[in-house]
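Chain and residue survey
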Amino acid sequence: MHDLPWQSLALNPLAAFGILLALGVLGGQIAVRVAKLPGITGYILSGLIIGPSGLKLLDQQLIDEAGLFIQLALGLALFDMGRRVDLRWLRREKALFATALLSGVITFLGLLALLTFSGFPMAPASLLAAIGIATSPVVLLELVRESRAEGQVTERLMASTGLNNLLSLTVFTLALSFTHFSAGHGVEAFILMPGWLLLGSVLLGLVAGLLAIRLNVWLGGGKREAQTVLMFGLIALVVGLSAMLKLLPALAILVFGLATRNLERGYAVAEPSLSSRSSFFFVAFFVAAGAQLMPLPLASLWPPAIGFVLVRSLLAAGSWWVAARSNGLPPRHGALLGLGLLPMSGSAVILMTMGALTLSAGAAEFSGFLLSVLCLTELLGPIVTRFALRCAQETRD
Amino acid sequence: MLEFSTSQPLTLGVELELMIVNRRDYNLTRGSDDLLHLLGRRPHGYDIKPEITQGMIEIGTAVHSDVNAMLEELLAIRALLVRTAEKLNLGLAGGGSHPFQHWSDQRIYPKERYQLVSELYGYLAKQFTVYGQHIHIGCPDGDTAVRLTHYLSRYIPHFIALSASSPFHQGVDTLFQSSRLTSVNAFPLSGSMPCVGNWDEFNDYFTGMADLGIVASMKDFYWDIRPKPEYGTVEIRICDTPLGVDTPVLLAAYAQMLARQCFEDGWDDISPAHYLTYSYNRFQACRFGYDAVLVDGVKKRQTSLLEDMLDTLNGLLPHAQALGIEAQHNALRERILQRRLDSHWLRQVYDDSGSLSEVVRRQSEFWMYEAPALSVN
């Protein structure tokens with residue numbers, strides 16, 4: 001006798017995506033209405049509750065199957081963040097460029113020192129410190145959208161996030177090369193592979209940028225809807241191609257966005273920002289990120305994880321506080337900007353997987369530690385960043 | 001009772017309201033606080049202040065009798081503003097209205113007066129995110145100011161056409177050359193000054209309105225032209241902020257020539273009959289620019305605005321010579337003969353690019369970097 005349909009129910013990816021969205025929205029609203037928290041925190045908590053570490057409504061396989069939407073969300077956010085990096089501005093406003101870069105370097109060195117002091121070998125420590133440079137573009141964009149923040153702190157926070165993501169991915173690639181070198185792998189592994197990751201990703205982003213500009217010029221400004229669909233398509237294509245070519249999707253997309261903003265006739269590319277039309281991707285992204293959080297390692301690794309988060313925040317806030325005046329900001333706003341850089345990048349999990357693969361020994365400690373840090377930054381990051389933007393009086397609420 | 005301060009006749013001052021835009025999609029942005037904070041770090045001595053919403057900033061010149069000196073000051077203010085805005089990656093632009101901003105996105109500037117206006121007028125306050133040029137003309141006394149206010153009301157369509165630069169509103173081409181005035185018209189105390197004959201009558205009117213609790217100061221009247229007793233001037237408020245930094249000086253020169261004509265001729269033909277067609281002529285100029293048809297309610301005839309402006313300019317030539325501003329007189333004549341409207345330029349950019357963001361990008365580049373057509377002596 002055949003089973004009736006409801007006797008062998010199994011969630012498919014579409015149903016999983018539906019659950020991510022519906023529960024995410026409910027969780028977000030509860031967070032906003034009851035606890036006055038940012039909606040993002042609600043989405044992440046919803047994910048944590050229904051995910052493998054909670055009620056197990058969603059297992060890892062289903063989260064993986066909804067990965068298409070999540071990667072697209074990350075792609076859209078990174079593209080938008082790349083468009084926030086205005087090279088003409090950075091050429092004129094060298095203080096911003098220097099501060100963002102120095103803050104990233106200081107954060108890297110500080111985290112490296114902390115991790116090696118805490119007993120991590122140099123290779124995993126450098127990978128973790130490189131990942132620690134970057135701020136999450138998705139969290140920032142969604143928070144700015146939700147709180148409708150506008151002003152110098154917001155603008156510099158965005159530009160700085162674009163730059164620290166670029167720096168983080170570059171340093172991560174170099175650290176990866178160093179890891180291969182220390183493990184005694186061949187030249188191919190420690191020079192060619194990182195070189196391919198870095199240059200290939202940049203090249204793919206640039207080519208996509210040129211193509212997007214040409215196509216948008218050809219379409220003309222009167223075809224806004226067609227331009228928007230085209231850009232969604234190109235972003236999906238770049239994410240997909242970089243995965244196929246084993247490149248860094250995050251770097252390729254960032255460069256893609258940066259190219260469309262800064263190359264000649266880049267203004268032809270559709271505005272307003274694509275991410276503002278993509279909130280359902282972002283809800284799914286945050287719920288999935290919450291579902292992937294693993295609080296278990298935090299139980300044993302909380303002291304160094306808290307140390308990592310504190311040092312990272314203090315160094316960023318300190319650097320921006322010192323450089324506030326040359327950035328045209330009151331010192332207090334500089335410190336708030338540094339504090340706002342707390343959320344860690346959404347591509348950290350992808351980088352974690354890449355890093356873990358190259359670390360023959362200590363991969364488990366490396367992943368466990370990063371998951372602990374992510375657990376803290378994903379839950380605290382949105383709250384702290386919103387607090388910073390509110391104190392700078394740049395939000396509407 | 002309002003005291004009218006005496007000022008030197010025919011001296012001038014202009015105020016310009018400017019857009020503050022981001023350089024990403026060129027929408028309006030909350031930038032006035034950041035700009036003012038940075039400007040305030042070094043004393044500059046210029047009059048730069050916030051306006052009702054945070055995507056606006058107002059600049060004002062000192063009192064000038066020479067329009068070339070006025071242009072020189074405007075260029076100096078522009079240089080300071082451009083340096084500051086570049087550091088903050090903000091764009092500044094002329095134009096009477098932002099083509100695609102949404103009024104509900106605007107934020108009221110946190111200043112007591114603006115908060116009160118917002119409380120009283122509700123959404124009208126945010127819809128007032130439009131950008132105008134104000135021209136002050138010095139008058140010796142209140143009676144002269146009342147006469148000049150009535151005299152200039154006949155030339156309001158001229159000023160509208162010369163400055164029209166707001167063809168788009170909330171993302172749509174309005175078919176108007178100046179759509180900004182529609183936002184002003186919504187206020188109950190907009191329009192024109194009542195037909196009072198002298199300063200005493202004006203004071204009686206003002207006191208009556210104040211006693212009824214409708215107004216507290218002259219600022220509460222949103223008229224197209226109004227006496228400004230504390231400055232000792234008549235203030236023309238009808239103009240859109242032009243796209244270029246030099247056009248405001250041409251408009252001021254035009255006002256100066258007209259005022260001189262009024263004073264020299266001893267004009268005193270104050271009559272309600274002149275106001276019969278005031279709103280209609282104003283509408284015609286807003287809608288059609290130089291192609292407007294003016295109706296003279298007293299002489300009962302129609303004339304083209306273009307012809308009327310050229311005739312007026314011919315009559316003003318002796319005054320231009322007396323004031324030493326023939327170059328500005330010629331420039332105005334050229335502008336009219338070429339039927340040059342800022343609104344046409346904006347529409348042309350839109351037709352070429354299909355993008356309102358691109359329109360604002362170009363108008364911002366124009367205000368910030370374009371060299372003035374008339375050089376400073």
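Each remark here, short or long, concerns the structure printed above.
One structure accompanies this document, and this report is about it. (Residues numbered from 1 in each chain as written. Chains lettered and ligands numbered in written order. Predicted model: local features only at pLDDT ≥ 70, side-chain atom pairs only at ≥ 80, totals over all residues. Heavy atoms only, no water.)

**Observations regarding the overall build of chain A**
Filter applied, for reference: Helix and strand definitions here come from DSSP, where helices need a minimum of 4 consecutive H or I residues and strands a minimum of 2 consecutive E residues; each element is numbered from the N-terminal end. Here the radius of gyration uses the C-alpha set of atoms, whereas the globule reference equals 2.2 Å times the residue count to the power 0.38. For each residue, the accessible area found with a 1.4 Å probe, counting protein chains only, is set against the maximum for its type, and the residue is called buried under 20%, exposed over 50%, and partly exposed in between. Areas reported as accessible are Shrake-Rupley estimates using a 1.4 Å probe. Residue values count occlusion only from the protein chains shown.
Helix and strand content of chain A: 17 helices and zero strands. For chain A, the C-alpha radius of gyration of 21 Å lies close to 21 Å, the compact-globule estimate for 397 residues. Sorting the 397 residues of chain A into buried and exposed places 56% on the buried side. Of the accessible surface of chain A, which amounts to about 16600 Å², a share of 72% is contributed by carbon and sulfur atoms.

**Regarding unusual backbone geometry**
Residues and elements named next belong to chain B. At Lys300, a position not held by glycine, the phi torsion is positive, near 55°. Within the element layout of this structure, Lys300 appears in the loop between strand 12 (293–296) and strand 13 (301–304). Assessed through its relative accessible area of 72%, Lys300 is described here as exposed. Even without glycine at this site, Arg339 takes up a positive phi of about 50°. Here Arg339 is to be found in the loop between helix 12 (326–337) and helix 13 (342–353).

**A short note on the packing of helix 11 (residues 305–323) of chain B against helix 12 of chain B**
Two quantities define a packed helix pair, namely the angle between the axes and the distance from one axis to the other. Residue and element names in this part refer to chain B. Test applied: Orientation is described by lines fitted to C-alpha atoms, with helices fitted over the stretch in contact, and by angles between N-to-C directions that extend from 0 to 180 degrees. Each angle receives one of four descriptions, namely roughly parallel if under 35 degrees, roughly antiparallel if over 145, roughly perpendicular if within 65 to 115, and oblique otherwise. Every residue pair with non-hydrogen atoms within 4.5 Å of one another is taken to be in contact. Each residue gets one label: Ala, Val, Leu, Ile, Met, Phe, Trp, Tyr, Cys and Pro are nonpolar, Asp, Glu, Lys and Arg are charged, and the others, such as Gly, are polar.
Where helix 11 contacts helix 12, the two axes come as close as 10 Å, and the packing angle between them is 170°. One element, helix 11, and the other, helix 12, form an angle in the roughly antiparallel class. Seen from helix 11, the contacting residues are Leu306, Met309, Leu310, Leu313, Asn314, Leu316, Leu317, Ala320 and Gln321; seen from helix 12, they are Glu326, His329, Leu332, Arg333, Ile336 and Leu337. Class assignment for the residues of the contact of helix 11 with helix 12 results in ten nonpolar, three polar and two charged.

**Focus on the interface of chain B and chain A**
Interface extent is often summarised as the accessible area lost during association of the parts. This is how the line gets drawn: Note on terms: buried area is the combined drop in 1.4 Å-probe accessible area of two parts once they are placed together, counting the loss on both. Put simply, a salt bridge is a Lys or Arg side-chain nitrogen that is within 4 Å of an Asp or Glu carboxyl oxygen. In protein, a polar contact means a hydrogen-donor-capable atom and an acceptor-capable atom, both N or O and within 3.5 Å, with residues adjacent in sequence counting only if both atoms are side-chain atoms; elsewhere, any N or O pair within 3.5 Å suffices.
Counting residues at the interface gives 23 residues for chain B and 31 residues for chain A. Both sides of the chain B and chain A interface together cover about 2200 Å² of buried area, and 36% of this is carbon and sulfur. Counting the surface chain B buries against chain A, the share from its top three residues, B:Arg24, B:Lys87 and B:Arg107, is 31%. For the interface between chain B and chain A, the tally reads four salt bridges. B:Arg24 is the salt-bridge partner of A:Glu155, the closest N and O atoms lying 3.2 Å from each other. The tally of links from chain B across to chain A stands at 19 residue pairs in polar contact (both at pLDDT 80 or more). Among the elements that take part in the side of chain B that touches chain A, helix 1 (residues 32–39) of chain B stands out by supplying three residues, more than any other. Here the residues of the side of chain B that touches chain A are counted per class, giving three nonpolar, eight polar and twelve charged.

**Describing the packing of aromatic side chains**
Residues and elements named next belong to chain A. Note the cut-off: To pair, rings of Phe, Tyr and Trp, with the six-membered ring standing in for Trp, must have centres within 6.5 Å; the planes then decide the type, stacked if under 30 degrees apart, edge-to-face if over 60, and tilted in the middle.
Scanning the model with the defined rule gives 26 aromatic pairs over all chains in all. Look at Phe79 and Phe256: their rings are 4.9 Å apart centre to centre, the planes differ by 55°, and that puts the pair in the tilted class. With a gap of 177 residues between them, Phe79 in helix 4 (residues 67–83) and Phe256 in helix 12 (residues 249–262) connect regions that are remote in the sequence. Note on accessibility: Phe79 and Phe256 belong to one class, buried.

**Side note on the pattern of salt bridges**
Applying the stated rule across the entire model yields 25 salt bridges over all chains. Between A:Glu155 and A:Arg84 there is a salt bridge; the shortest N-O distance is 4.0 Å. Of this pair, A:Glu155 sits in helix 9 (residues 152–182) while A:Arg84 sits in the loop between helix 4 and helix 5 (87–92), and the two are 71 residues apart along the sequence. Among the salt bridges present, the one from B:Arg282 reaches B:Asp224, with a minimum N-O distance of 2.7 Å. Of this pair, B:Arg282 sits in helix 10 (residues 278–288) while B:Asp224 sits in the loop between strand 9 (222–223) and strand 10 (225–228); the two residues are 58 residues apart in sequence, bridging distant segments of the chain. With respect to class, B:Arg282 is no different from B:Asp224; both count as buried. It is possible to trace a salt-bridge network through shared partners that takes in A:Arg84, A:Glu155 and B:Arg24.

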